[in-house]
Amino acid sequence: MDREGEQLCEAARNGDVAKAKSLIESGADVSSFNRDGLTPLMHAAKLGHTDAVKALSLRLALPGTLFLHLTNPPVSLQLTPVTGKPLKSFSVLAELILGTVARKTKRNGVSEGDYLEDRVNFSEDKLMDSDSKAVMMAWEKPLMEAHAKAVCTGSGNILNVGFGMGLVDTAIQQYGPVTHTIVESHREVYERMLQIGWGKKDNVKIIFGRWQNVLSQLESYDGIFFDTYGEYYEDLRDFHRHLPKLLKPGGIYSFFNGLCGGNTFFHVVYCRLVSLELENLGYSTQLIPLHVKDCLGEKVWRGVSQKYWQLDTYYLPVCQSIQETS
Ligand SMILES: C[S@@+](CC[C@H](N)C(=O)[O-])C[C@H]1O[C@@H](n2cnc3c(N)ncnc32)[C@H](O)[C@@H]1O
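The structure contained in this document is the topic of the report that follows. Not measured: the values here are computed from a predicted model.

### What to know about the environment of Ile196
Piece 1. Secondary-structure assignment places Ile196 in the loop between helix 9 (187-195) and strand 8 (204-208).
Piece 2. Distance from Ile196 to Ala12, taken between C-alpha atoms, is 53 Å for residues 184 residues apart in sequence.

Structure, rendered in structure tokens:
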């Protein structure tokens, strides 16, 4: 974020509408987000500066018709103007946008049922489904290593949902957890895990099945990572409802933060929404910015039918019980 952007965030934090308007007039970018992962609008909303929220929402053209090019075909939403209660409107808006995205499409437009019955294709740098959509790609390795580091802070018992290419699991193993449980639902991915020796590791327990169907086999963990494919946003939300049972006191939870990865604005809305929902469940979310621009040349996407990530920064979520952090 440039200097004017930072000044706009500061004006938003101070609820200084006149200053915010003047910065916007002189070209400050309303949609960019600063090192805390927040846009000026989010700063204003967080601190309850109603007039600043109104001014910034209008500059972002939130009211009116919104076309979501994330979905295929694009979804058009008619939004009522933000009036009266902008803070509430922000959450409602976020819910409306992302709820619609979630109901209209599943991640990468793939339905879980189809995906689980389809063949998958493994290569050195990616795992693809039968429509050449990437289930997992090697460029994510540094991200997976960072996720592993976060959830293995206390080592102990670790749970990972979704094996994919095993990048996060390979990184988790380096922390020598006491137990390392992996849930995987795709038969071919599961068979490959066994083929490459994951079934023979002393501390590894593999549970084959959709996480939704194997909950009774799960225990409580010190660290949990969640990264599935072909599921709705609602599935992630459902998983979060199980966190109080699955995560031990003091434990750390993280998930692949990829929804709306082609559009900065919607991605930020999504980050905010998921953080709010986790907060309602009693968890704080810290979003750690990781620069991914350098891992993502055009070459990376050769042969892949859909670029699922196009942003320069990835925000790695680290979630902990609010009670324990305070
Ligand atoms: C994006 S990949 C995970 C990549 C992994 N984090 C890595 O580091 O390689 C998603 C994986 O989740 C699995 N999966 C999809 N839906 C699932 C579900 N409901 N329960 C468990 N696993 C699921 C997929 O078969 C796939 O192997």
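After that view of the structure, there is still more to cover.
### Some words on helix 2 (residues 17-25)
Piece 1. All buried positions along helix 2 are accounted for by Val17, Ala20, Leu23 and Ile24. The buried side chains of helix 2 occupy one side of the element, clustering within an arc of 130 degrees when seen end-on. Along helix 2, exposed side chains directed more than 90 degrees from the buried face belong to Ala18 and Glu25.
Piece 2. Gly27 sits one or two residues past helix 2 and shows a positive phi near 105 degrees.

### So, the sheet that holds strand 4 (residues 126-128)
Piece 1. As summarised here, the arrangement of the three strands in space is 3-4-5, forming an open sheet in which the pairing is antiparallel. Each edge of the open sheet carries a strand with a single partner, namely strand 3 (121-122) and strand 5 (134-137).
Piece 2. Of the strand pairs in this sheet, strand 4 and strand 5 are connected by three bridges, and their pairing is antiparallel. What sits directly across from Leu127, in strand 5, is Met136.

### Some remarks on the packing of aromatic side chains
Piece 1. Evaluation of the coordinates by the stated rule reveals 15 aromatic pairs.
Piece 2. Taking 4.6 Å as the distance between ring centres and 25 degrees as the angle between the ring planes, the aromatic pair formed by Tyr190 and Phe208 counts as stacked. Of this pair, Tyr190 sits in helix 9 while Phe208 sits in strand 8, placing them 18 residues apart in sequence.
Piece 3. We classify Phe208 as partly exposed; its relative accessible area is 31%.
Piece 4. A centroid spacing of 5.3 Å and a plane angle of 90 degrees characterise the contact between Trp301 and Tyr308, whose relative ring orientation is edge-to-face. The pair Trp301 / Tyr308 is uniform in exposure class, with both members buried.
Piece 5. Among the aromatic residues, ring-to-ring pairing joins Trp211, Phe226, Phe239, Tyr253 and Phe255 into one connected group.
Piece 6. Sitting above the plane of the Phe122 ring, Arg192 keeps its charged end 4.4 Å from the centroid.
Piece 7. A cation over a ring is seen here: Lys201 above Trp198, with NZ or CZ 4.8 Å from the ring centre.

### Observations regarding the nonpolar core
Piece 1. The biggest cluster of nonpolar side chains holds 41 residues, and the ones touching the most others in it are Trp139, Tyr308 and Trp309.
Piece 2. Secondary-structure elements contributing two or more residues to this core are strand 4, strand 5, helix 7 (141-151), helix 8 (167-173), helix 9 and strand 12 (313-321).
Piece 3. Here the element with the most residues in this core is helix 7; it accounts for five residues.
Piece 4. Ignoring anything within four residues of it in the chain, the contact list for Trp309 reads Trp139, Asn257, Gly258, Gly261, His267, Val292, Leu296, Trp301 and Tyr314.
Piece 5. Of all hydrophobic cores here, the second largest spans 29 residues; its members include Leu246, Leu259, Val269 and Tyr283.

### Let's talk about the site of the ligand
Piece 1. Neighbouring the ligand are 26 residues, the closest being Tyr115, Val168, Glu184, Asp227 and Glu231.
Piece 2. Here Gly166 contributes a backbone N or O atom positioned 3.1 Å from an oxygen atom of the ligand.
Piece 3. At 3.0 Å from a nitrogen atom of the ligand is found a main-chain nitrogen or oxygen belonging to Trp211.
Piece 4. Coverage of the ligand by the protein amounts to 100% of the 600 Å² it exposes when considered alone.

### A few points about unusual backbone geometry
Piece 1. Backbone geometry at Ser132 places phi at a positive 60 degrees, although glycine is not the residue there.
Piece 2. When its relative accessible area of 29% is taken as the criterion, Ser132 is described as partly exposed.
Piece 3. A positive phi angle, near 60 degrees, is found at Cys260, a position not held by glycine.
Piece 4. Turning to its location among the elements, Cys260 is positioned in the loop between strand 10 (247-255) and helix 12 (264-280).
Piece 5. Relative accessible area serves as the criterion here: at 8%, Cys260 is assigned to the buried category.

### With respect to the environment of Asn121
Piece 1. With respect to the helices and strands, Asn121 occurs in strand 3.
Piece 2. For Asn121, a relative accessible area of 45% corresponds to the partly exposed category.
Piece 3. For the pair Asn121 and Thr285, spaced 164 residues apart in the sequence, the C-alpha separation amounts to 34 Å.
Piece 4. Sequence-distant contacts of Asn121, that is, excluding residues within four places in its chain, are made with Lys126, Leu127 and Met128.

### A few points about the pattern of salt bridges
Piece 1. For the structure on display, the rule yields 10 salt bridges.
Piece 2. Measuring nitrogen to oxygen at the nearest pair gives 3.4 Å for the salt bridge that ties Asp125 to Lys126.
Piece 3. Between Arg237 and Glu277 there is a salt bridge, with its nearest N and O atoms 2.7 Å apart. Of the two residues, Arg237 is situated in helix 10 (residues 233-241) and Glu277 in helix 12; the sequence distance between them amounts to 40 residues. In this pair, the class of Arg237 matches that of Glu277, namely buried.

Conventions adopted
- Residues numbered from 1 in each chain as written.
- Predicted model: local features only at pLDDT ≥ 70, side-chain atom pairs only at ≥ 80, totals over all residues.
- Heavy atoms only, no water.
- Helix = DSSP H or I, 4+ residues; strand = E, 2+ residues; numbered from the N terminus.
- Buried < 20%, exposed > 50% of the residue type's maximum accessible area, 1.4 Å probe, protein only.
- Arc of directions from axis to C-beta.
- Pairing = 2+ DSSP bridges.
- Phe/Tyr/Trp six-rings, centres within 6.5 Å; stacked < 30°, edge-to-face > 60°.
- Lys NZ or Arg CZ within 6 Å of the ring centre and 35° of its normal.
- Core = buried A, V, L, I, M, F, W, Y, C linked by side-chain atoms within 4.5 Å.
- Contact = heavy atoms within 4.5 Å.
- Near = heavy atom within 4 Å.
- Polar contact = N/O pair within 3.5 Å; in protein donor to acceptor, adjacent residues only side chain to side chain.
- Areas by Shrake-Rupley, 256 points an atom, 1.4 Å probe, with all protein chains shown as cover.
- Salt bridge = Lys/Arg side-chain N within 4 Å of Asp/Glu carboxyl O.

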